[in-house]
Amino acid sequence: MFFVDTIELEGLGNRSYLAGGERTAVAVDPPRDIDTVLAAAARRGVRISTVVETHVHNDYVTGGLELARITGAAYLVPAGARVSFARTPVADGDTARVDTDLTLTAVATPGHTPHHTAYVLNEDGRPVAAFTGGSLLIGTVGRPDLVEPRLTEELARAQHASARRLAEGLPDETAVLPTHGFGSFCSSAQADGDSTTIGKEKASNAALSVDVDTFVADLLAGLEDVPAYYTHMGPANAAGGAPVDLTPPAVAAPDEIAARLAAGEWVVDLRNRIAFAEGHVAGSFNFEVDGKLATYLAWMIPWGKPVTLLAESPEQIADAQRELVRVGIDRPAAAATGGPDRWLREGERPASFPRSTFAGLAGLAGLAGQDADRIVVLDVRRDSERAAGWIEGSVHIPIHQLHQRLGEVPDGTVWVHCAGGMRAGIAASLLDAAGRDVVAVDDGFDAAADAGLTVAAS
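What you see is a predicted model, and the numbers here were worked out from it, not measured in a lab.

Draft legend 1. Molecular detail of the side chain of N58. Position of N58 relative to the elements: it lies in the loop between β4 (47-52) and α2 (64-71). Not counting residues within four places of it along the chain, the set of residues in contact with N58 comprises T113, L146, C186, Y230, M233 and G234.

Here it is as structure tokens:
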């Protein structure tokens, strides 16, 4: 009997896999913090004999090279990928033994990248699972615009053909196990569900149900902005991800925290947005460790800028370090735990700002004259979210652009909202650090119309 264990990378919206039999296993698209994969293998009592990459990743730094080095496993990378390290190049149709009666077959699936390769797991020669990486996802496909703008349409057409090749070549009951689609911006849309098969995708995936021209037009029309840090992931993976250091950072005393802020460095408070709003170090930014920390912090921070982490506990610091090394933010400059009372110098008071709801915003509707003019509603959702409906009269600056566009926010008290509250918390912290009067709307956007606010739509 074979097994497939899923290694969730929730902060990035990705998955990695460990699959094998009684003695040996293969790791598919492993994360940079390879101890998670080694622990999974230890629980199964198997040796990792093979490590495979479906493609050179654009959204995280792989741990494949280091995992192969530590375990002595063969490192399989698509032959068309331009990398600068020794590996076993894999071409369409190549096979590799995983365990007794278990083999992998490489299937060329260009589209997400030109060299993208899926791997079919066969038991006794029968396909049982397909590791589809950024090719065929749950209800969608990987986006084709991350390599080179001039190749985007060509890769979109290739993505359509690759999805169909998998669907036509595999039995309906074959499990489809993608790397992307669970929140990753490498996906052209988010997964509809948690698991799928070839048969289910035939019934629901546009790549398998519409003609290529319609598919390409719809796919390209729906692409979102690309996170800024993606620029650095491909080169890091082509060079081979370096080993990580997850030991605790140096402890920052209040004087050092103040000095780092004065030097223009980023001091990031990892606590939940409620605690941050109630009291924080003036000038610090709030990125919740339980939110999409790696995605949004890596997207927004100037690349290479030193970052100091503040958290309630050493465990939060450790969790954040693990998330951040996955996207190439290797070592915090310093860290401190506790709360504002331990982070502020003697005589300093914590900064704070109010939180509210859409009902609270609607309650301002009776204001007139100068008071009404001083209210600014700032929407920090993505373009696609806003297109589905927005509060009439609101200003729109997506969260990942806000730090560079703070000067565009009109004068007045800024009521900032997103779709659920997390991104509004980030935005409120940026505005507060810039000296603006801000109210964080911690509410679901569906409540806006219910509260009596006028919601417009295109």
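Draft legend 2. Main features of the packing of helix α9 (residues 293-300) against helix α10 (residues 314-325). One can describe the packing of α9 onto α10 by two numbers: an axis separation of 9 Å at closest approach and a directional angle of 65°. Of the two possible hands of crossing, α9 and α10 adopt the one that is right-handed. Contact residues: α9 offers L293, A294 and L297, while α10 offers A320, E323 and L324. Taken together, the residues of the contact of α9 with α10 break down into five nonpolar, no polar and one charged.

Draft legend 3. View of helix α16 (residues 422-433). Here α16 contains 12 residues, and its C-alpha end-to-end distance of 17 Å stays within 8% of the 16 Å for a straight helix at 1.5 Å per residue. Extensive coverage of α16 is indicated by the burial of 10 of its 12 residues. What α16 keeps buried is the set R423, A424, G425, I426, A427, A428, S429, L430, L431 and D432. Count one or two residues on from α16 and you reach G435, which has phi positive near 90°.

Draft legend 4. Quick peek at the pairing of β4. The element β4 is extensively covered by neighbouring structure, given that five of its six residues are classed as buried. In this structure, strand β3 (residues 24-28) lies alongside β4, joined through five bridges in parallel fashion. Bridge assignment links V28 to a residue of β4, and that residue is V52. Chirality of the crossover, the property in question, places the unit of β3, helix α1 (residues 35-44) and β4 among those that are right-handed. Pairing geometry for β4 and strand β5 (residues 74-78), over three bridges, is parallel. Bridge assignment links V51 to a residue of β5, and that residue is Y75. Taken together, β4, α2 and β5 form a β-α-β motif whose crossover is right-handed.

The rules behind each value
- Residues numbered from 1 in each chain as written.
- Predicted model: local features only at pLDDT ≥ 70, side-chain atom pairs only at ≥ 80, totals over all residues.
- Heavy atoms only, no water.
- Helix = DSSP H or I, 4+ residues; strand = E, 2+ residues; numbered from the N terminus.
- Contact = heavy atoms within 4.5 Å.
- Axes fitted to C-alpha atoms, helices over the stretch in contact; angles between N-to-C directions.
- Left-handed = near helix turned anticlockwise from the far one by under 90°.
- Nonpolar A, V, L, I, M, F, W, Y, C, P; charged D, E, K, R; others polar.
- Expected span 1.5 Å × (residues − 1).
- Buried < 20%, exposed > 50% of the residue type's maximum accessible area, 1.4 Å probe, protein only.
- Pairing = 2+ DSSP bridges.
- Right-handed = clockwise from strand over helix to strand, strands pointing away.

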